[in-house]
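# Structure assessment
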Amino acid sequence: MTVEQNVLQPGGAAKHQQTFLNQLREITGINDIQVLQQALKDSNGNLELAVAFLTAKNAKVPQLEEATYYQTALPGNDRYISVGSQADTNVIDLTGDDKDDLQRAIALSLEESNRAFRETGITDEEQAISRVLEASIAENKASLKRTHPEVWSDSPNPYDRKRQDNCPVGLKNVGNTCWFSAVIQSLFNLLEFRRLVLNFNPPANAQDLPRNQKEHRNLPFMRELRYLFALLVGSKRKYVDPSRAVEILKDAFKSNDSQQQDVSEFTHKLLDWLEDAFQIKAEEERDGEKPKNPMVELFYGRFLAVGVLEGKKFENTEMFGQYPLQVNGFKDLHECLEAAMIEGEIESLHSENSAKSGQEHWFTELPPVLTFELSRFEFNQALGRPEKIHNKLEFPPILYLDRYMHKNREITRIKRDEIKRLKEYLTVLQQRLERYLSYGSGPKRFPLVDVLQYALEFASSKPVCTSPVDDLGASAPASGTLPAQTSPSTIEQQGPSSSDVPSTSPVQRSVIHKPFTQSRIPPDLPMHPAPRHITEEELSVLEGCLHRWRTEVENDTRDLQESISRIHRTIELMYSDKTMVQVPYRLHAVLVHEGQANAGHYWAYIYDHHQNRWMKYNDISVTKSTWEELERDSFGGYRNASAYCLMYINDKEQYLIQDEFNKETGQILVGMDTLPSDLRDYVKEDNKRFEKELEEWDAELAQKAQQEKLLSQIPRAPAPSPAPVQAGEPEYLEQPSRTDISKHLKEDSVQAINKALAEQEDRGPEAIMDTAIKLEYTRLLKLAQEDPPPECDYRLRHAIVYFIQNQAPKKIIERTLLEQFGDHNLSFDERCRNIMKVAQAKLEMIKPDEVNMEEYERWHQDYRNFRETTMFLMVGLEFFQKKSYMEALLYLIYAYQNNKELLSKGPYRGHDEELISHYRRECLLKLNEHAAALFESGDDQEVNNGLIIMNELIVPCLPLLLVDEMEEKDIVAVEDMRNRWCSYLGQEMEPNLQEKLTDFLPKLLDCSTEIKGFNDPPKLPSYSTHELCERYARIMLSLSRTPADGR
């Protein structure tokens, strides 16, 4: 008896109540509908309070009755389905005589829910979702009020925030809103959905005064969503801020509870809000016809529930949106779907007399966009909290849904029966194979082939006529010497002996057993046991039998393995015939969660259908990706990341991803051309504001460059009395000019001049200067060509060594040497003064076109950066050895970043990257352990100090370790730090600690690799070149390990 329902009614309250029941069932693990409904009623619709009632230690849960379990197929129940607001409700059930009582109970429950809904227009579920939004906004505002200094800050350079070419635009995380970004980006990249949102026009009668709270909420949200989508289309920014849309969602509900809810519910609620907004518009434009809601037609489908309850058949049609699937116990998506489509014993569907009960679900109408919600969270009754399921679950890029369609149910049932038969036979074969592969009756078992081989080897070994004990006796100590071990009975029989009296007689000395010396195996003894007596005839028969048995076992094992492989292949190809691959759905987006049940981070992989590649949308970061990366992060079983939502689209409905065309020219519309005029103006205004930022930045840089150019053009007047140079003053860090030379360079110049004078005493100042420069260059070239140990870096001694090793132009090196010999500090005697004047004259004679001064300045700036990087590294390592890890970390971070920039220009521009990376990583690991120890202490002040270390030092540094995925050790270190804190989720702790941990973990688990700009770096001490070289050598020599150790 079948009654199919075709009449759509709002039924929103029933839908929301049923969604609550689904959530309660998933969170608590309780399947009794009556218990769940009672808990929901007692808590006045408060989901959290209902969970608390159900999970309390004294909660009384009655036994599950079979009739109750199968109520999921009856009206008002929806075990797996998230029903849209236009769900079918008038299903007539003819399964029993108590239909009127059941209908009255459902009507009473719905009436109570509808009363609150009519009064406010807002459901309790929507209020629960608002708590997520409030938590996000509160976190964002709290971060703005922090008094502690941050390690990182947004880059003041707007070019760092500029969109590159046509790269997709990211969304800023405005405080635990990574889930918002993942969902919005997935929907935005559905071109049909994007068009619907962008071209949405609010109804005219609701412009001035919304009729109810729903319109007051939905219409402003749609306006902000349109603005947000428009910016994602045409913004010149790298990422945009969604705060206004999130603020509207938060302001629509009032709640003091900041507890974060399951974010997968946001997707469901978002579609509900959009559906309501489009419904208002559809009703205004219907012109007497039944209104069509594009959100319903895009995201909602229908299925037929076919079942038997106590021998009586029933059928009813239901509407679904997101389709929830259980993950635990299944290996791939098809197994999840098979389990979701069949409940209980279904054999009775083909029998009239059986009393067994069960039901099947068959899709009658699939939506163009099919979303699967993967249930990766379950409630641990023993621990009293939810836990995440990290099991691996595979899903295909193309999913064929023919086997689940109602039109194919007969052939699918035949194939399911065949698969069931094959799996039963497969189980028998696997059990037989296991007996061959694990042979024996004891705890240790071995492959039977190996057992037969060992027996054959034993039988074929060289016979030994005596026992192993007798053989060893031949090498025992000589007669008269006591054995190494004497039995107690022998000692008792012997009684007291003269051995009790001190004596030097060798006969009375006990022998000490020394393994591997006295008890060596004689050379003629075989290495393995062997039979003592065996005739040639016996050996021949036994070898023949063992060879034959081993061959038989090998053949049997091979046949079993081949049969098992054939059955697996047959099952895999069961649905591959042409009739069962007519409903293809292509994977469009995967929403990924990393973390535990209580906290985590979300991002999305979205397929670019035009470029045929995967893209990773991680808040403000949008990068190219691959299917291999998606598999690693989404299937589960790797780290703590796994997919929680899969979005498939009908591969035959090309309009979903098709570009829009100009109706007049037929050309594809791209970018700003796809926007309505009002949104185009909105985006243009925002782009103008951003362009103004860029212009102001350019003007500021130009002004600084002009000032530097004017300063460089001021002539340098000779000083009447040169100022003395302090020995501790480094020439490339603290000096106002590069020509203020340090003591060691002055000495080097004087030594070169003295050598030149010794060689050419009768020559003039110009010839002597040329010779001195050649001698100095020869000396520096020799240093540059040497291969010194790590503690002796000649680049620190002189810029010329650095220039030679990095192949600087010859003109740059020549001018640098002239400046060295033309420095005013050489005017202390007549000879040096004359050479200094010649050098200065030659400098003035150099024409602008002979030496590119901009290039000259760049080389010297690189050298200054190299010395600065050296000092950051040196000071950081000194702090590290003193165990001052917080101080060391900042210096090592700047050392690594500066060094990375230097190495990008050449391999000899900076220091060993692995060395700096190792100590930076060690600092973070040690600080993480220290912060965790403070958290474990439980003391409020200690806990706060530990979280300050994490929030202000470690969390901001994690993107630096994650940005380069080739650095496997850095990635492992990040996982170790995260796992250290995630391990607390499984421990009992005070409520205040649990609250702080829940608030902190999303920041730690944020996988964004977006690197923010630096604040002012820590100040560096002033060192002379001699001091710098000496301290650098000392710290490098004292390191406990070197790069060769495998860092």
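These numbers come from a predicted model, not from an experiment.

## Some words on the overall build of the protein chain
A count of helices and strands for the protein chain gives 32 helices and 18 strands. Across the 1047 residues that make up the protein chain, the buried fraction comes to 47%. Considering only contacts in the protein chain between residues 6 or more positions apart, those separated by 24 or more positions represent 75%. If you sum the accessible surface of the protein chain, you get close to 54,400 Å²; carbon and sulfur atoms cover 51% of it.

## Some remarks on the environment of R376
Relative to the assigned elements, R376 resides in the loop between strand 9 (369-375) and strand 10 (377-380). Residue classification places R376 among the buried residues on the basis of a relative accessible area of 1%. Once the C-alpha coordinates of R376 and A643 are considered, the two residues, 267 residues apart in sequence, prove to be 8.5 Å apart. A distance of 3.0 Å separates a polar atom in the side chain of R376 from the backbone oxygen of A643.

## Observations concerning a nonpolar patch on the surface
Among the surface-exposed residues, F661, I668 and V670 lie close enough to one another that they form a single nonpolar patch of about 280 Å² accessible area. Along the polypeptide, V670 turns up in the loop between strand 17 (641-650) and helix 20 (677-713). Taking the relative accessible area as the measure of exposure, V670 reaches 53% and is therefore exposed.

## As for the packing of aromatic side chains
By the definition in use, this model includes 30 aromatic pairs. Their ring planes at 25° and their centres at 6.2 Å tell us that Y863 and F866 sit as a pair that is stacked. Of this pair, Y863 and F866 both sit in helix 26 (residues 853-881), three residues apart, which is roughly one turn of the helix. Each of the two residues, Y863 as well as F866, counts as buried. Taking NZ or CZ as reference, R194 lies 3.9 Å from the ring centre of F188, over its face. The lysine or arginine in question, R920, covers the ring of Y896, its NZ or CZ lying 3.8 Å from the ring centre.

## With respect to the side chain of N316
When you line up the elements, N316 lands in strand 5 (residues 312-320). Exposure remark for N316: the relative accessible area of 3% places this residue in the buried category. Separated by 3.0 Å, the side chains of N316 and E318 make a polar contact.

## What to know about helix 24 (residues 810-821)
The end-to-end C-alpha distance of helix 24, which contains 12 residues, comes to 17 Å, matching closely the 16 Å that a straight helix rising 1.5 Å per residue would cover. A large share of helix 24 lies buried, amounting to nine of its 12 residues. Regarding helix 24, the residues found buried are I812, I813, R815, T816, L817, L818, E819, Q820 and F821.

## Description of the nonpolar core
Among the nonpolar cores identified, the biggest contains 97 residues, and F803, L877, L889, F935, I954, W981 and L1004 are the most heavily contacted of them. It is helix 29 (residues 940-962) that provides the largest number of residues to this core, a total of 12 residues. Within the second largest apolar cluster, 62 residues are counted, among which are L187, F200, Y227 and Y644.

## What to know about the UniProt feature "coiled-coil region" (unreviewed entry) in the protein chain
Per the UniProt record, "coiled-coil region" (unreviewed entry) is found at residues 680-707. The span residues 680-707 shows a helical share of 100% and a strand share of 0%, and its end C-alpha atoms are spaced 40 Å apart.

## Some words on helix 31 (residues 991-1004)
Here helix 31 contains 14 residues, and its C-alpha end-to-end distance of 20 Å stays within 8% of the 20 Å for a straight helix at 1.5 Å per residue. Of all the residues in helix 31, the buried ones are L993, L997, F1000, L1001, P1002, K1003 and L1004.

## Some words on the packing of helix 27 (residues 885-903) against helix 29
Running from N to C, helix 27 and helix 29 cross one another at 20°; their axes reach a closest spacing of 12 Å. Our classification of the angle between helix 27 and helix 29 gives roughly parallel. For the pair helix 27 and helix 29, the crossing hand works out as left-handed. On helix 29, the residues touching M886, L889, L890, I893 and Q897 of helix 27 are I949, L953, C957 and L960. Counted by class, the contact of helix 27 with helix 29 contains eight nonpolar, one polar and no charged residues.

## Describing the environment of L818
Along the polypeptide, L818 turns up in helix 24. For L818, a relative accessible area of 12% gives the class buried. When the C-alpha positions of L818 and A839 are compared, they lie 5.6 Å apart, and in sequence the two are 21 residues distant. Setting aside residues no more than four positions away along its own chain, L818 makes contact with M769, I773, A839, K842, L843 and I846.

## Observations concerning the pairing of strand 15 (residues 613-618)
The buried count for strand 15 comes to five of six residues, which makes it a mostly enclosed element. Note that strand 14 (residues 600-608) and strand 15 share five bridges and pair antiparallel. Considered in strand 15, the bridge of A604 is made with Y617. Both strand 15 and strand 16 (residues 621-625) contribute to a ladder of five bridges, which runs antiparallel. Directly across from K616, in strand 16, lies its bridge partner T623. Turn length for the strand 15-strand 16 hairpin, with the two strands adjacent in sequence and antiparallel, is two residues, and the turn residue D619 shows positive phi of about 55°.

## Structural notes on the environment of Y605
By the secondary structure assignment, Y605 is in strand 14. Taking the relative accessible area as the measure of exposure, Y605 reaches 0% and is therefore buried. Along the primary structure Y605 and S186 are separated by 419 residues, whereas in three dimensions their C-alpha atoms are 8.2 Å apart. Engagement of the side chain of Y605 in a polar contact is seen with the side chain of D633, the distance being 2.5 Å.

## Observations concerning the pattern of salt bridges
Side chains bearing opposite charge may pair, as long as their charged atoms lie close to each other. Tallied over the entire structure, the rule returns 41 salt bridges. Its salt-bridge partner being R632, residue D633 comes within 3.1 Å of it at the nearest N-O pair. A salt bridge links E929 to R980, with the shortest nitrogen-to-oxygen separation between them at 3.1 Å. Taken together, the residues E929 in helix 28 (residues 913-937) and R980 in helix 30 (residues 968-982) connect sequence positions 51 residues apart.

## Side note on the confidence of the model for the protein chain
For the protein chain, per-residue confidence averages 74 on the pLDDT scale, and 69% of positions sit at 70 or higher. Within the protein chain, the element-level pLDDT minimum falls on helix 4 (residues 66-69), averaging 35, and the maximum on strand 12 (residues 398-400), averaging 94. In this model, residues 131-153 is a region of pLDDT below 50 whose contacts with residues beyond four sequence positions or in other chains number 59 contacts. In the model, residues 716-741 has pLDDT below 50 throughout and makes 56 contacts with residues more than four positions away in sequence or in other chains.

## Focus on the packing of helix 26 against helix 28
Axis separation between helix 26 and helix 28 bottoms out at 11 Å; the angle between their running directions is 40°. Overall, the two elements helix 26 and helix 28 adopt an arrangement that is oblique. For the pair helix 26 and helix 28, the crossing hand works out as left-handed. On helix 28, the residues that touch L873, L877 and F880 of helix 26 are L915, I916, Y919, E922, C923 and K926. Among the residues making up the contact of helix 26 with helix 28, the classes are represented as seven nonpolar, no polar and two charged.

## Some points on unusual backbone geometry
Notably, N612 is not glycine yet its phi reads approximately 55°, a positive angle. Tracing the sequence through the fold places N612 in the loop between strand 14 and strand 15. You can call N612 exposed: its relative accessible area is 55%. You will see that K883, though not glycine, has its phi angle at about 65°, which is positive. Structurally, K883 is set in the loop between helix 26 and helix 27.

## Describing the side chain of D970
With respect to the helices, strands and loops of the structure, D970 is situated in helix 30. Among the polar contacts listed, one links the side chain of D970 to the side chain of R921, at a separation of 2.6 Å.

About the thresholds
- Residues numbered from 1 in each chain as written.
- Predicted model: local features only at pLDDT ≥ 70, side-chain atom pairs only at ≥ 80, totals over all residues.
- Heavy atoms only, no water.
- Helix = DSSP H or I, 4+ residues; strand = E, 2+ residues; numbered from the N terminus.
- Buried < 20%, exposed > 50% of the residue type's maximum accessible area, 1.4 Å probe, protein only.
- Contact = heavy atoms within 4.5 Å.
- Areas by Shrake-Rupley, 256 points an atom, 1.4 Å probe, with all protein chains shown as cover.
- Polar contact = N/O pair within 3.5 Å; in protein donor to acceptor, adjacent residues only side chain to side chain.
- Patch = residues over 30% accessible without salt bridge, like charges linked within 9 Å, V, L, I, M, F, W, Y side chains within 5 Å.
- Salt bridge = Lys/Arg side-chain N within 4 Å of Asp/Glu carboxyl O.
- Phe/Tyr/Trp six-rings, centres within 6.5 Å; stacked < 30°, edge-to-face > 60°.
- Lys NZ or Arg CZ within 6 Å of the ring centre and 35° of its normal.
- Expected span 1.5 Å × (residues − 1).
- Core = buried A, V, L, I, M, F, W, Y, C linked by side-chain atoms within 4.5 Å.
- UniProt positions renumbered as here; feature names shortened; annotations may be inferred.
- Axes fitted to C-alpha atoms, helices over the stretch in contact; angles between N-to-C directions.
- Parallel < 35°, antiparallel > 145°, perpendicular 65-115°, else oblique.
- Left-handed = near helix turned anticlockwise from the far one by under 90°.
- Nonpolar A, V, L, I, M, F, W, Y, C, P; charged D, E, K, R; others polar.
- Pairing = 2+ DSSP bridges.
- pLDDT = per-residue confidence, 0-100.

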